[in-house]
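Notes for the structure review
So you can see what is in the structure, the chains are spelled out below.
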Amino acid sequence: MKKITLTLALGLMACTVPALAQKTKVKIKTDGPTPETTAPATEAAPAQAPAAGNVSKAIPVAEYYEGGQEAMYAFIEKEKKYPILARRNRIQGTCIVSFTLTTSGTLEGIKLVKNIGGGCGEEALRVARLLQFKKPDYAILTSLPIVFKLGAPGQAAATE
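Residues numbered from 1 in each chain as written. Predicted model: local features only at pLDDT ≥ 70, side-chain atom pairs only at ≥ 80, totals over all residues. Heavy atoms only, no water.

1. Digging into the overall build of the chain
When helices and strands are tallied, the chain shows 4 helices and 5 strands. In sequence order, the secondary structure elements of the chain are arranged as α-β-β-α-α-β-β-α-β. Put simply, the chain has 160 residues, and 29% of those count as buried. Summarising the internal contacts of the chain: among those between residues at least 6 apart in sequence, 67% fall at separations of at least 24. Of the roughly 11,300 Å² of accessible surface on the chain, 59% is carried by carbon and sulfur atoms. (Helix = DSSP H or I, 4+ residues; strand = E, 2+ residues; numbered from the N terminus. Buried < 20%, exposed > 50% of the residue type's maximum accessible area, 1.4 Å probe, protein only. Contact = heavy atoms within 4.5 Å. Areas by Shrake-Rupley, 256 points an atom, 1.4 Å probe, with all protein chains shown as cover.)

Dropping the structure here:
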């Protein structure tokens, strides 16, 4: 009985695995009812990460920064210094800093939630401490993504 069950299970897996590897299902949303269509995995549109200064999600504390979210990220980009170790090891990614914006406009409880290494986390904390906010009506606990992205290899990069 065990041999038959094992043989059946292996036979089913042998039949279904190649079919799953060849095609992926893609849902297409339209006004009318349409069935799911299949498309090769290479035709699926790749998800693009936001650029260093172009973060699409609204940060709750950005409305209390002078000039709004764009000005806040412009300040972060201006003050941020790519760590030498991270540059040398081609480390890129997003560090996330969490803090509480108090009713007096100061930052408390600043901590690093996500660190990509190479000194990027420490630099993200340093830059987050430099931010100056207006006084909100209530304390706000939030997180702030700080993106570290290297330029193109032929492009002149800022040092330190």
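After that view of the structure, there is still more to cover.
2. Details of the nonpolar core
Ranked by size, the top nonpolar core spans 29 residues in total, and within it Met72, Ile76, Leu131, Phe133 and Leu144 carry the most contacts. Of all the secondary-structure elements, those providing two or more residues to this core are helix H2 (68–79), strand E3 (93–101), helix H4 (120–130) and strand E5 (140–148). Broken down by element, the residue count for this core peaks at 5 residues, all from H4. Apart from residues no more than four positions distant in its own chain, Phe133 is found in contact with Val61, Tyr64, Tyr65, Met72, Phe99, Leu101, Gly105 and Leu107. (Core = buried A, V, L, I, M, F, W, Y, C linked by side-chain atoms within 4.5 Å.)

3. Thoughts on the confidence of the model for the chain
Summing up the model confidence of the chain, the mean pLDDT is 77 and the portion of residues at 70 or higher is 61%. Considering only residues more than four positions removed or in separate chains, one finds that residues 19–30, a stretch of pLDDT under 50, has 16 contacts. (pLDDT = per-residue confidence, 0-100.)

4. Structural notes on H4
Within an α-helix, residues lying three or four positions from one another point in the same direction, as the helix has 3.6 residues per turn. Among all positions in H4, only Cys120, Gly121, Glu123, Ala124, Leu125, Val127 and Ala128 are buried. In this structure, the buried side of H4 is in contact with H2, helix H3 (84–88), E3, strand E4 (107–114) and E5.

5. A closer look at the pattern of salt bridges
Using the criterion set out here, one finds 3 salt bridges in the structure. For Lys80, the salt bridge identified is with Glu77, shortest N-O distance 2.8 Å. Residue classification places Lys80 among the buried positions, given a relative accessible area of 14%. Look at Glu77 and you get partly exposed, because its relative accessible area is 31%. A salt bridge links Arg126 to Glu123; the shortest N-O distance between them is 2.6 Å. (Salt bridge = Lys/Arg side-chain N within 4 Å of Asp/Glu carboxyl O.)

6. Some words on the pairing of E3
In the sheet, E3 pairs with E5 via 9 bridges, with the strands oriented antiparallel. The residue of E5 that forms the bridge with Thr94 is Val147. Bridge analysis of E3 against E4 gives 5 bridges, and the strand direction is antiparallel. Looking at the pairing, Ser98 lines up with Lys111 of E4. The antiparallel pairing of E3 with E4 creates a hairpin that spans 5 residues between the two strands, and Gly105 there sits at a positive phi of about 90°. (Pairing = 2+ DSSP bridges.)

7. Some details on the sheet that holds E4
The strand order E4-E3-E5 describes an open sheet built from 3 strands, whose pairing is antiparallel. Of all the strands in the sheet, just E4 and E5 have a single pairing partner and so form its edges. Ignoring strand direction, the axes of neighbouring strands in this sheet form an average angle of 25°. (Axes fitted to C-alpha atoms, helices over the stretch in contact; angles between N-to-C directions.)

8. Here we look at unusual backbone geometry
For Arg90, which is not a glycine, the phi torsion comes out positive at approximately 55°. Its location among the elements puts Arg90 in the loop between H3 and E3.

9. Some details on the environment of Tyr65
Note that Tyr65 resides in the loop between strand E2 (37–40) and H2. Residue class for Tyr65 comes out buried when judged on its relative accessible area of 11%. When the C-alpha positions of Tyr65 and Lys134 are compared, they lie 6.1 Å apart, and in sequence the two are 69 residues distant. If sequence neighbours within four positions are ignored, Tyr65 has contacts with Ala71, Met72, Phe75, Leu131, Gln132, Phe133 and Lys134.

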